[in-house]
Amino acid sequence: MVVGVLALQGSFNEHIAVLKRLGVKGVQIRKPEQLQNVTSLIIPGGESTTMAKLAEYHNLFPALREFVKMGNPVWGTCAGLIFLANKATGQKTGGQELIGGLDCTVHRNFFGSQIQSFETELPIPEIAAKEGGPPSCRAVFIRAPAIIEVGPDVKVLADIPVSSAETASSSPAIQSEEELTKSEKKVIVAVKQGNLLATAFHPELTADTRWHSYFLKMEPETEDGTSAIASTSSVDLTFTGRAMIDLPIFQ
Ligand SMILES: NC(=O)CC[C@H](N)C(=O)O
């Protein structure tokens, strides 16, 4: 199994390192033709406008849209979530190109700027049910987006009460209460739609490999019907200390 990781900017090496821990090869993707050599793709966090300009420069958008349309498993983390969304609000002047495919509206910097980055314990019932381990994970939000509207075929995997997102209520990014999802003023931070997975936070910056393991199982099964990798229940799930929030890759 070979997983592509879009390597234009951002935390692509961190994703490749987690895949390696799970015994899976991750390859950097910078050119459209490289997508032919992989069956799934991770779009990492970074600076989404910069990533979009680089993707345009390398003429990657048509091939990325085709890759999504073919139903290949694709996981967008943070900026990668923005790439996959059909609609993004809070964009920079002039906007940014999106791949689309994920039937949702994302707010690009919902929680505010870099200094409003935060970490929180996030309940992940679906992931814990499938991957074992604790019922929550340490979620690292860096100048994070959030999903403010989802279509009927989108399954919510995690959300957080806006109040618990520390600065969210004072974040300049929120236009109005109406922008939030209707249910108890929660904001959605992880979804799945068919073979598309999207998280507003960075599992690649923690020691918890369950999100990667969950994504890999979205891969086609092997000939004998087993999943392509073993479960991660034996993996040490303790958090490896302070996340790399100030990394330049997220500036
Ligand atoms: N950590 C991230 O990927 C930040 C994404 C940021 N909201 C942007 O649009 O650039």
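Under an unreviewed UniProt entry, the name given to the protein chain is glutaminase, and the organism recorded is Capsicum annuum. UniProt's Sequence similarities (unreviewed entry) comment on the protein chain is quoted here verbatim: "Belongs to the glutaminase PdxT/SNO family." UniProt's Catalytic activity (unreviewed entry) comment on the protein chain is quoted here verbatim: "L-glutamine + H2O = L-glutamate + NH4(+)".

Draft legend 1. Region of interest: the environment of Val 74. Considering the arrangement of structural elements, one finds Val 74 in strand E4 (residues 74-77). Assessed through its relative accessible area of 0%, Val 74 is described here as buried. C-alpha separation for the pair Val 74 and Val 140, spaced 66 residues apart in sequence, amounts to 20 Å.

Draft legend 2. Up close: the UniProt feature "binding site: L-glutamine" (unreviewed entry) in the protein chain. As recorded in UniProt, the feature "binding site: L-glutamine" (unreviewed entry) lies at Gly 46, Glu 47, Ser 48, Arg 108, Ile 142 and Arg 143. Across 98 residues in sequence, these annotated residues keep their C-alpha atoms within 12.3 Å of one another, forming a single compact spot. The residue Ser 48 is located in helix H2 (residues 48-57) in this model. Ser 48 gets classed as buried once you look at its relative accessible area, which sits at 4%. Contacts of Ser 48, omitting those with residues within four sequence positions, involve Ala 79, Ile 82, Phe 83, Gln 96 and Arg 108. In this structure, Ile 142 sits in the loop between strand E8 (136-141) and strand E9 (146-150).

Draft legend 3. Region of the structure containing the pattern of salt bridges. For the structure shown, the criterion picks out eleven salt bridges. In this structure, Arg 108 and Glu 47 form a salt bridge, with 3.0 Å as the shortest nitrogen-oxygen distance. In this pair, Arg 108 sits in the loop between strand E6 (102-107) and strand E7 (118-123) while Glu 47 sits in the loop between strand E3 (40-43) and H2, placing the two residues 61 residues apart along the sequence. The class for Arg 108 is buried, based on a relative accessible area of 6%.

Draft legend 4. Structural context of the environment of Gly 76. Of note, Gly 76 is situated in strand E4. Using a relative accessible area of 0% as the deciding quantity, one classes Gly 76 as buried. For the pair Gly 76 and Val 162, spaced 86 residues apart in the sequence, the C-alpha separation amounts to 22 Å. Those residues in contact with Gly 76, other than ones at most four positions away along the chain, are Ile 43, Leu 81, Leu 84, Leu 197, Ala 198 and Thr 199.

Draft legend 5. Molecular detail of the site of the ligand. Lining the immediate environment of the ligand, one finds 13 residues, of which Gly 46, Ser 48, Arg 108, Asn 109 and Arg 143 sit closest. Residue Ile 142 places a main-chain N or O atom 3.0 Å away from a nitrogen atom belonging to the ligand. One of the backbone N or O atoms of Arg 143 is found 2.7 Å from a nitrogen atom in the ligand. Burial of the ligand by the protein amounts to 100% of the accessible area it has alone, namely 300 Å². Its residues assigned to classes, the shell around the ligand shows five nonpolar, five polar and three charged.

Draft legend 6. Spatial organisation of the packing of aromatic side chains. This structure, assessed with the given rule, holds eight aromatic pairs. Relative to Phe 111, the ring of Phe 110 lies with its centre 4.9 Å away and its plane at 80°, an arrangement referred to as edge-to-face. Each member of the pair, Phe 110 as well as Phe 111, is classed as buried. An aromatic cluster is defined as three or more aromatic residues linked by ring pairs; in this entry it consists of Phe 110, Phe 111, Phe 118, Phe 141, Phe 201 and Trp 211.

Draft legend 7. Geometry of helix H1 (residues 12-21). Within H1, the full set of buried residues consists of Phe 12, Glu 14, His 15, Ile 16, Val 18 and Leu 19. On its buried side, H1 packs onto strand E1 (2-6), strand E2 (25-29), E3, E4 and helix H6 (210-216). Just downstream of H1 lies Gly 23, where phi reads positive at about 75°.

The rules behind each value
- Residues numbered from 1 in each chain as written.
- Predicted model: local features only at pLDDT ≥ 70, side-chain atom pairs only at ≥ 80, totals over all residues.
- Heavy atoms only, no water.
- UniProt positions renumbered as here; feature names shortened; annotations may be inferred.
- Helix = DSSP H or I, 4+ residues; strand = E, 2+ residues; numbered from the N terminus.
- Buried < 20%, exposed > 50% of the residue type's maximum accessible area, 1.4 Å probe, protein only.
- Contact = heavy atoms within 4.5 Å.
- Salt bridge = Lys/Arg side-chain N within 4 Å of Asp/Glu carboxyl O.
- Near = heavy atom within 4 Å.
- Polar contact = N/O pair within 3.5 Å; in protein donor to acceptor, adjacent residues only side chain to side chain.
- Areas by Shrake-Rupley, 256 points an atom, 1.4 Å probe, with all protein chains shown as cover.
- Nonpolar A, V, L, I, M, F, W, Y, C, P; charged D, E, K, R; others polar.
- Phe/Tyr/Trp six-rings, centres within 6.5 Å; stacked < 30°, edge-to-face > 60°.

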